[in-house]
Amino acid sequence: MMQTYFYATGDFDRSAQRREDQTWLKARLTDPHSRFYPVWRLRHLVQAADSPIVGSLDPVAQAELIAHADTIILLGVDGEVAHFALDVSGLDEPAATALGDFQELRGIGPLLPQRDGALLAYARGLAYWHQRHRFCGVCGSPTEPKAAGHQRQCTNRDCATVQFPRTDPAVIMRVTCGNRILMARQGMWAPGMHSVLAGFVEPGESLEDAVAREVFEEVGLRVHNIRYFGSQPWPFPASLMLGFTAESESDAFDLHDGEIESAQWMTRMDLLNSPENESFRLPRADSISRKLIEDWVRL
């Protein structure tokens, strides 16, 4: 069975065939069974932040949020229930606060059921794209949402360029040397946070090329036996993390480009005894980096 990583929508029906069906969309927007995921400046409306509940709105709040939405996005359907994202980022802070508690997905994600986290990531990713593509990259004219929020089109009739949502591919790789794994950290991370290496894919290179290049650029190691592990959408802000494993014959790393603050080779026992404090802690439990590490520890 194929593994579904956190923030991945898995077999959720995105209902592309319904995105141009205006009659169906209007009916679903007033259907009391439909579920809505308001997004305000990339934060999500939640109930009970310590045990978050998302997607459930009373009819009055539902109508108010739809009225204030800059963009309404059909996420898809689950059975007969439609799911929508509502981007209400145009509201000022007092107005948004009056509607409820908007929380960062980074904070509430690990507390959510996997499907809820995936739908919020999906909503956040599309809201982020809409907010950054309000003008045409060809002629500079304003754009407008189309296809239930899955396209934007230039309003200049002489141009009419259609834009589609973007995601940025990044490779993330577990590098091992014998019975040790390379753990590294960047200075901008939370104190003690360590992870495996990662970097964006550049034009004109394969994923395997990107793995080899990023490892060499960041720590000066040449790797081989590069193998695909799995992938995870990472909506911070709009990446697709493509996981790999790789092996290095040498343990003599070199932090020569300044991107990595520190790195160290660690054994399985070192990781099992992680203090999880400001001296050393593993990456977030909802990340593919954590899965890459835990998979190796179990080998």
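Look up a bit, the structure's there.
Every value quoted in this text rests on a predicted model; they were computed, and no experiment measured them.

Conventions we followed
- Residues numbered from 1 in each chain as written.
- Predicted model: local features only at pLDDT ≥ 70, side-chain atom pairs only at ≥ 80, totals over all residues.
- Heavy atoms only, no water.
- Helix = DSSP H or I, 4+ residues; strand = E, 2+ residues; numbered from the N terminus.
- Buried < 20%, exposed > 50% of the residue type's maximum accessible area, 1.4 Å probe, protein only.
- Contact = heavy atoms within 4.5 Å.
- Polar contact = N/O pair within 3.5 Å; in protein donor to acceptor, adjacent residues only side chain to side chain.
- Pairing = 2+ DSSP bridges.
- Axes fitted to C-alpha atoms, helices over the stretch in contact; angles between N-to-C directions.
- Salt bridge = Lys/Arg side-chain N within 4 Å of Asp/Glu carboxyl O.

(A) Region of interest: the overall build of the protein. A tally of regular secondary structure across the protein gives eight helices and 14 strands. Each principal axis of the C-alpha distribution contributes one length, and for the protein these read about 60 × 50 × 40 Å. For the protein, the residues scored as buried account for 46% of the 299 residues in total. The long-range fraction of contacts in the protein, counting pairs at least 24 apart against all pairs at least 6 apart in sequence, stands at 64%.

(B) Spotlight on the side chain of E205. Structurally, E205 is set in the loop between β11 (197-200) and α6 (207-219). Within polar-contact distance, the side chain of E205 engages the backbone nitrogen of E202 at 2.8 Å. Of the polar contacts made by the side chain of E205, one reaches the side chain of R213; its length is 2.7 Å. Residues contacting E205, with those up to four places away along its chain left out, are F200, A210 and R213.

(C) Local environment of the sheet that holds strand β1 (residues 35-40). The mixed open sheet is built from five strands, whose spatial order is β3-β4-β1-β2-β5. The sheet terminates laterally at β3 (71-78) and β5 (101-104), the two strands that pair on one side only. Taking each pair of neighbouring strands and ignoring which way they run, the sheet shows an average axis angle of 35°. Across the sheet, helix α1 (residues 22-29) touches β1, β3 and β4 (81-87), and the angle it forms with β4 is around 85°.

(D) Region of interest: the environment of Y5. Within the secondary structure, Y5 sits in the segment before α1. Setting aside anything within four residues of it in sequence, one finds Y5 in contact with Q114, F229, G230, S231, Q232, I288 and K291.

(E) Quick peek at the pattern of salt bridges. One pass over the structure, following the stated rule, counts 14 salt bridges. The salt bridge involving R174 is made with D295; its shortest N-O contact spans 3.0 Å. Of this pair, R174 sits in strand β9 (residues 168-177) while D295 sits in helix α8 (residues 288-298), and the two are 121 residues apart along the sequence. A residue is classified by how much of its surface remains accessible, and D295, at 22% relative accessible area, is partly exposed. Connected via shared salt-bridge partners are E202, E205, R213, E214 and E217.

(F) Just unusual backbone geometry, in detail. Here the amide bond leading from F236 into P237 is cis, since omega sits at 10°, within 30 degrees of zero. Relative to the helices and strands, P237 resides in the loop between β12 (223-234) and β13 (239-248). Phi at A148 is positive, roughly 55°, even though this residue is not glycine. Using a relative accessible area of 15% as the deciding quantity, one classes A148 as buried. Phi at E276 is positive, roughly 50°, even though this residue is not glycine. Residue position: E276 is located in the loop between α7 (268-272) and α8. Note on E276: relative accessible area 38%, which makes it partly exposed.

(G) Spatial organisation of the sheet that holds strand β6 (residues 143-146). The strand order across the open sheet formed by three strands is β6-β7-β8, and the pairing between neighbours is antiparallel. The open sheet has two free edges, formed respectively by β6 and β8 (162-163), since each of these has just one partner strand. Pairing analysis gives two bridges linking strand β7 (residues 151-154) to β8, with the strands arranged antiparallel. Within β8, the position partnered with R152 by the bridge is Q163. Most of the contacts of helix α5 (residues 114-131) go to β7, to which it runs at about 10°, and overall it touches β6, β7 and β8.

(H) Highlighting the side chain of R213. With respect to the element layout, R213 can be found in helix α6. Once residues lying within four places of it in the same chain are set aside, the contact partners of R213 are F200, V201, E202 and E205.

(I) View of the pairing of strand β2 (residues 43-46). Looking at chain direction, β1 and β2 are connected through two bridges and run antiparallel. Following the sheet pairing, V39 is matched in β2 by H44. As paired elements, β2 and β5 share four bridges and run antiparallel to each other. By the bridge assignment, V46 is partnered in β5 with D101.

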